[in-house]
Amino acid sequence: MKLLFITPLFPPQVGGAATYFSLITGELKRRGDIEKIVVFSTYYGGARLLEREGKMEVWRILPPTFSTGPILVVKVTRYFAFLLSLLITILYIALHRVDLVSSHTIPQYSGGIFAGRLLGVPVVADLQDL
């Protein structure tokens, strides 16, 4: 089974999403029926774009977004992040067999939910945030 996770934060970044998705992927790595785990997360300064450890890969390819500042800048970065997460997920699913997409439901990174549904891949939406 090949799993794709989409989250705004993943260790060594800190925060609720980083902790939550780290716990889930950590437990899934131990299972024998899991072939590959891919995590799409946001890029941060100094990070490598691709990190590999055993059967898990972390792709830090999603753009960070702004939550404060001029409203136009905040909205543009969020729409851009949504479209990019949608396109990247569509391309990844089209090029690789993916059995399940699990995505944080924060709007700017929820493009993966739409991509999975569009391409007929089962989707788990994480609804823990407001």
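All values reported here derive from a predicted model rather than from experimental measurement.

Caption draft 1: Spotlight on the packing of helix α2 (residues 71-95) against helix α3 (residues 111-118). Where α2 meets α3, the closest approach of the two axes is 7 Å, and the angle between their N-to-C directions is 35°. The element α2 and its partner α3 pack so that their crossing is right-handed. Contacts between α2 and α3 involve Phe82, Ser85, Leu86, Thr89, Ile90 and Ile93 on the former and, on the latter, Gly111, Gly112, Phe114, Ala115, Gly116 and Leu118. In terms of residue class, the contact of α2 with α3 is made up of seven nonpolar, five polar and no charged.

Caption draft 2: Main features of α2. Over its 25 residues, α2 runs 36 Å from end to end, which matches the ideal 36 Å to within 8%, given 1.5 Å per residue. Taken residue by residue, α2 has Val74, Thr77, Ala81, Ser85, Leu86, Ile88, Thr89, Tyr92 and Ile93 as its buried positions. Buried-residue contacts for α2 involve β1 (2-6), β2 (36-42), β4 (56-62), β5 (100-104) and α3.

Caption draft 3: Representation of the packing of aromatic side chains within the structure. Throughout the structure, instances matching the rule amount to six aromatic pairs. Look at Phe5 and Phe21: their rings are 6.1 Å apart centre to centre, the planes differ by 75°, and that puts the pair in the edge-to-face class. One end of the pair, Phe5, is in strand β1; the other, Phe21, is in helix α1 (residues 16-29), and 16 residues separate them in sequence. Comparing Phe5 with Phe21, the two get one shared label, buried. Plain terms: the ring middles of Tyr20 and Phe21 are 5.2 Å apart, the flat faces sit at 85° to each other, and that makes the pair edge-to-face. Owing to a relative accessible area of 30%, Tyr20 belongs among the partly exposed residues under this scheme.

Caption draft 4: Local environment of the nonpolar core. Judged by nonpolar contacts, the single largest core of 13 residues is most densely connected at Leu4, Ile6, Phe40, Leu62, Tyr92, Val98 and Val101. Elements represented by at least two residues in this core include exactly β1, β2 and α2. With four residues, the single largest contributor to this core is α2. Non-local contacts of Leu62, meaning those with residues more than four positions away in its chain, are made with Ile6, Thr7, Phe40, Ser41, Thr42, Tyr43, Ser85, Ile88 and Tyr109. Core analysis: the next-biggest nonpolar cluster, separate from the first, contains eleven residues, Leu3, Phe5, Phe10 and Phe21 among them.

Analysis parameters
Residues numbered from 1 in each chain as written. Predicted model: local features only at pLDDT ≥ 70, side-chain atom pairs only at ≥ 80, totals over all residues. Heavy atoms only, no water. Axes fitted to C-alpha atoms, helices over the stretch in contact; angles between N-to-C directions. Helix = DSSP H or I, 4+ residues; strand = E, 2+ residues; numbered from the N terminus. Left-handed = near helix turned anticlockwise from the far one by under 90°. Contact = heavy atoms within 4.5 Å. Nonpolar A, V, L, I, M, F, W, Y, C, P; charged D, E, K, R; others polar. Expected span 1.5 Å × (residues − 1). Buried < 20%, exposed > 50% of the residue type's maximum accessible area, 1.4 Å probe, protein only. Phe/Tyr/Trp six-rings, centres within 6.5 Å; stacked < 30°, edge-to-face > 60°. Core = buried A, V, L, I, M, F, W, Y, C linked by side-chain atoms within 4.5 Å.

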